[in-house]
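Here are the chains, one letter per residue:
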Amino acid sequence: MVSFKTSVFILALHLLEGALSNSLIQLNNNGYEGIVIAIDPDVPEDEALIQQIKDMVTQASPYLFEATEKRFYFKNVNILIPENWKTKPEYVRPKLETYKNADILVAEPNTPGNDEPYTEQIRKCGEKGERIYFTPDFLAGKKLLEYGPQGRAFVHEWAHLRWGVFDEYNNDQKFYLSEGKNKAVKCSGAITGKNVVRKCQGGSCITKTCRPDRVTGQYEEECEFIPDKQQTEEASIMFAQSIDSVVEFCTEQNHNKEAPNMQNQKCNLRSTWEVIRDSEDYKKTTPMNTQPPKPTFSLLQIGQRIVCLVLDKSGSMLTGDRLNRLKQAGQLFLLQTVEQGSWVGMVAFDSAAYVKSELIQIRSSTDRDVLIRSLPTAASGGTSICSGLRSAFTVIKKKYPTDGSEIVLLTDGEDNTISGCFNEVRQSGAIIHTVALGPSAAAELEKLSEMTGGLQTYASDQVQNNGLIDAFGALSSGNGALSQRSIQLESKGWTLQNSQWMNGTVIVDSTVGNDTLFLITWTKQTPQILLWDPSGKKQDGFLVDAQTKMAYLQIPGTAKVGIWHYSLQASSQTLTLTVTSRPSSATLPPVTVTSKMNKDTGKFPSPMIVYANIRQGAVPIVRANVTALIESANGKTINLELLDNGAGADATKNDGVYSRYFTAYDANGRYSLKVWALGGINAARQTVIPQQNGAVYIRGWIENGEIKWNPPRPENNKNDLQGKQVCFSRTSSGGSFVASSVPVAPIPDLFPPCQITDLKAEIQGDKLINLTWTAPGDDYDHGRAHKYIIRISTSILDLRDKFDSSLQVNTADLIPKDANSEEVFVFKPENITFENGTDLFLAVQAVDKVNLKSEISNIARVSLFIPPQAPPETPHPSVPCPDISINTTIPGIHILKIMWKWIGELHLSVGSN
């Protein structure tokens, strides 16, 4: 039996490999095609699961069709079956479908018993989510009472994934005050039910009506809204699709704009249907006049990895020692990155193509050495990318179909004939990863990776940035044996002068250590290399390849856990250091970092966003130090600190996804991304994960006036908020993007402050309002804003739609702090009614030094509740009554004394004689 830890390990690696990737979904004549549902390899083989997936999608399709006014349905789904399941004639090899680009993952739960369906969303309202997660028990129908039918829950998750809408419930705040009364967070407001508290002790439970606190007016934290099983209200799917009558999304007419939920906070009070209506999907479709066909399914089974290197050896590869750098990066890929059992071939090209190696299965170091000796050693001629690709297809076809195979294409040259083989590439079913080397690589190169779902990377001629080695190091398999996955611990470069020493450290943590490799490269002469393990023992045995200008050391067995020290000495040359390793155990999840930009193209002055997802297993790593290095086409580098603070570009605080806006454009062309992550004294596993975007867990139902409770929802230990300390070092290549419309320097300031997304308000003292938020910058989340505009209104819609004419708060004493600092502002509302039961709505706008304004913040609210005074006691007539005393002198018998002092008062005292 496979352990739970192993399950989490495999789930997490697939989660991280796929969470930041591109989908293959296409919308064709109202039908969604190319959906990939992947079954995690650790899910026990069960043919019934495949049928349950089919049943879910088949049930979901007509529900989606009616909920979207006959616009959308599920047309075709690809089910990705693990390699370790038995093969069957009906299972075919995937083409472009991989775990990296799966839209839905079926895997064991992160917490045993917690089968909550959810969708990973790291972007803004209206932007696509990353991936949906289901568990086998959920698909088997074992959670019907809690989440409703599987097909309905799939539609709920699909709306997260495809249209970027958010939930209309709130697990952290289930009620809110409106006009002095408690209301449940729900949408629409016409959903009926009861507000109750259930308390259990010693195996017995009691249910009571919720009561407001006398001081705050708010319901106690344990209060729940329990819906009636029988309803007539038809909205909303993003609140509770499990209610039988719910068949629609909330619209502008019935949307609860006051409810403090994620949909209102993220989407500026717009209903889910308004957001869907603004989507590209909606704009390019019209309602169908006929019922849609049932979905069709393709069963695809993962096979062995097949990869062919297609390497440019044209004359331009002699520039800047590019050919030698290619050999260094190629050696890293063949020594370390590509997994055991993979089939690897090699083609070199200039104006023609040359087969350097047919497909070889890597079973030993000997096989790796054969391939390393095949790397090109001379450069001349022109550039014909299509010749190289066609030759690679031929090499692969000698042993396997090209479906699902991978091609790593490196080129530095211009080639205006590349579009001539686009159709062949599409038909091949192969995935093409592109590596653009230098500033002149073919402009259409990225089209190849875009159309096939491959990784696109860029390496400049700035050797110290180590871009080419990083690009090849990022090419681990999307489907291979996960215990073999290569993880990069370090990637650095320096230009040293006058026998300078470069001293540094690398952390080898307990989650990695197998097959650890230290790789050093140089540009002129062999440097002095010193390396010590955590115990202080000097490490000898570096293999030096003076011709290729590199040396490497493979640590036997499992590398010692701790801090490794290195010292490198050289003069007038550039050195790089790369350290890679593999997981230390099949049952201990490694810390992983996955990074990317929000888009493959950026058009000035639209900002880009950098994301880095850091996890150990399924658990987010918080409070790490994360830095992005972005290199432009002209070699300029920008360092950005990435943050997980739930402000600016970051969607959710403490979810392990670190984000930041990028605005430092300086040239048109390709930019590369690399992320460094360091976990030290502050970094920790986040054991309490923020509310995920997914179907609501129904706590119980009211049937025939009686509450029928569902089992309690499994939760993590809330007493362990800090988690456990994690020390690690990682680097991650985030691929490349292309910038356009960048003006010639000086670059004009066209970047406003970013929107404030975490504004909070509460009553303080005698009708004072306390506002808190995270400071934006002068340019999105960089620098410092010039001033704030704060406005208030008793109408939430007036504040949203007529912000500029709403009542302005005096902020003369409010001086903005640096971006990402906490702002606090306390004021007393003036010139507006603020009495018991009054609801006030507040929003903030930031302004920069050239008077560019941010978007209006999320709208916060306060509801003034003045506790009612206790009624004075009614005085009673002062008619004295005699004291009455009953005594007994029998030993052991207690004495009961009854004393009537005044009418209406009864005093009992019990004592013993």
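Residues numbered from 1 in each chain as written. Predicted model: local features only at pLDDT ≥ 70, side-chain atom pairs only at ≥ 80, totals over all residues. Heavy atoms only, no water.

Things to note about the pairing of strand S26 (residues 550-558)
- Sheet topology places strand S23 (residues 512-522) next to S26; 7 bridges connect them, and they run antiparallel. Across the sheet, residue Asn-514 finds its bridge partner in S26, namely Thr-558.
- Two strands pair when backbone bridges link them, and strand S25 (residues 543-545) and S26 are joined in this way by 3 bridges, in the antiparallel orientation. Bridge assignment links Leu-543 to a residue of S26, and that residue is Tyr-552.
- Where S25 hands over to S26, the hairpin turn is made up of 4 residues, of which Lys-549 adopts a positive phi near 60 degrees. (Pairing = 2+ DSSP bridges. Helix = DSSP H or I, 4+ residues; strand = E, 2+ residues; numbered from the N terminus.)

Regarding the sheet that holds strand S24 (residues 528-532)
- The strand order across the open sheet built from 3 strands is S22-S27-S24, with neighbouring strands paired in antiparallel fashion. For this open sheet the edge positions go to strand S22 (500-508) and S24, each flanked by a neighbour on one side alone. Across this sheet, the average inter-strand angle for adjacent strands is 15 degrees, counted without regard to direction.
- Relative to strand S27 (residues 562-570), S22 is paired through 9 bridges, and the arrangement is antiparallel. Note that in S27 the partner of Asn-503 across the bridge is Ser-567. (Axes fitted to C-alpha atoms, helices over the stretch in contact; angles between N-to-C directions.)

Remarks on the state of the cysteines
- The full count for this structure, using the stated rule, is 5 disulfides.
- A sulfur-sulfur distance of 2.4 Å marks the disulfide that ties Cys-187 to Cys-250. Sign of the S-S torsion, about -120 degrees for the bond between Cys-187 and Cys-250, identifies this disulfide as left-handed. Taken together, the residues span a long stretch of sequence, with Cys-187 in the loop between strand S10 (181-184) and strand S11 (193-201) and Cys-250 in the loop between helix H6 (237-240) and helix H7 (262-266) at a distance of 63 residues. The residues Cys-187 and Cys-250 share a single accessibility class, namely buried.
- The disulfide that involves Cys-200 links it to Cys-205, with 2.0 Å between the sulfurs. Disulfide Cys-200-Cys-205: torsion about the S-S bond near 110 degrees, hence right-handed. (Disulfide = S-S within 2.5 Å. Buried < 20%, exposed > 50% of the residue type's maximum accessible area, 1.4 Å probe, protein only.)

A look at the pairing of strand S44 (residues 787-793)
- Of all the 7 residues making up S44, 6 are buried; the element is thus mostly covered by neighbouring parts of the structure.
- Sheet analysis places S44 next to strand S47 (residues 839-847), joined by 7 bridges and oriented antiparallel. Across the sheet, residue Arg-791 finds its bridge partner in S47, namely Ala-843.
- Two elements, S44 and strand S45 (residues 807-808), share 2 bridges in a ladder whose sense is antiparallel.

Digging into the side chain of Asn-770
- Looking at where Asn-770 falls in the secondary structure, it is placed in strand S43 (residues 768-774).
- Exposure remark for Asn-770: the relative accessible area of 11% places this residue in the buried category.
- Separated by 2.8 Å, the side chains of Asn-770 and Gln-764 make a polar contact.
- Leave out the neighbours within four places in its chain, and Asn-770 touches Lys-760, Ala-761, Glu-762, Gln-764, Val-824, Phe-825 and Val-826. (Polar contact = N/O pair within 3.5 Å; in protein donor to acceptor, adjacent residues only side chain to side chain. Contact = heavy atoms within 4.5 Å.)

Structural notes on the environment of Ile-37
- Take Ile-37: it is sitting in strand S3 (residues 35-39).
- Dropping the residues within four chain positions of it, Ile-37 is found in contact with Ile-53, Val-57, Val-77, Asn-78, Ile-79, Leu-80, Ile-104 and Val-106.

Points about the sheet that holds strand S13 (residues 224-227)
- Strand order in the open sheet formed by 3 strands is S12-S11-S13, with antiparallel pairing between adjacent strands. Of all strands in the sheet, those with a lone pairing partner are strand S12 (204-209) and S13, marking the two edges. Pairwise comparison of adjacent strand axes, ignoring direction, gives a mean angle of 45 degrees for this sheet.
- Here S11 pairs with S12 via 6 bridges, running antiparallel. Bridge pairing in S12 places Lys-199 opposite Ile-206.

Notes on the packing of aromatic side chains
- The full count for this structure, using the stated rule, is 31 aromatic pairs.
- Aromatic side chains Trp-343 and Tyr-400 sit 5.8 Å apart centroid to centroid with 65 degrees between the ring planes, which places their arrangement in the edge-to-face category. Placement of the pair is Trp-343 in strand S16 (residues 343-349) and Tyr-400 in the loop between helix H12 (385-397) and strand S18 (406-411), with a sequence separation of 57 residues.
- Among the residues examined, Trp-343 registers a relative accessible area of 13% and is labelled buried.
- Measuring from centroid to centroid gives 6.1 Å for Trp-494 and Tyr-566, while their planes differ by 45 degrees, and the two rings are tilted. Of this pair, Trp-494 sits in strand S21 (residues 487-496) while Tyr-566 sits in strand S27, placing them 72 residues apart in sequence.
- Looking at Trp-494, the relative accessible area reads 12%, which means it is buried.
- Tyr-566 sits in the buried class, given a relative accessible area of 4%.
- A cation over a ring is seen here: Arg-71 above Tyr-282, with NZ or CZ 3.6 Å from the ring centre.
- The lysine or arginine in question, Lys-229, covers the ring of Trp-701, its NZ or CZ lying 4.0 Å from the ring centre. (Phe/Tyr/Trp six-rings, centres within 6.5 Å; stacked < 30°, edge-to-face > 60°. Lys NZ or Arg CZ within 6 Å of the ring centre and 35° of its normal.)

Brief notes about helix H2 (residues 47-67)
- Compared with an ideal rise of 1.5 Å per residue, which puts 21 residues at 30 Å, H2 spans 31 Å between its outermost C-alpha atoms and is within 8% of the ideal.
- Leu-49, Ile-50, Ile-53, Met-56, Val-57, Ala-60, Ser-61, Tyr-63, Leu-64, Phe-65 and Ala-67 are the residues of H2 that are buried.
- Between the side-chain oxygen of the N-cap and the backbone nitrogen of Ala-48 there are 3.0 Å, and the N-cap of H2 in question is Asp-46.
- The positive-phi residue at the C-terminal boundary of H2 is Glu-69, with phi of around 55 degrees. (Expected span 1.5 Å × (residues − 1).)

Notes on the nonpolar core
- Core analysis: the largest hydrophobic core is formed by 66 residues, its most contacted members being Tyr-32, Ile-35, Phe-74, Phe-154, Trp-158, Trp-163 and Phe-249.
- For this core, the leading source of residues is H2, giving 9 residues.
- Sequence-distant contacts of Phe-154, that is, excluding residues within four places in its chain, are made with Met-56, Val-57, Ala-60, Phe-74, Ile-104, Ile-132 and Phe-134.
- Ranked by size, the runner-up nonpolar core spans 39 residues in total, among them Val-626, Phe-662, Ala-683 and Phe-737. (Core = buried A, V, L, I, M, F, W, Y, C linked by side-chain atoms within 4.5 Å.)

So far we have only geometry, and geometry alone does not tell us how the molecule works.
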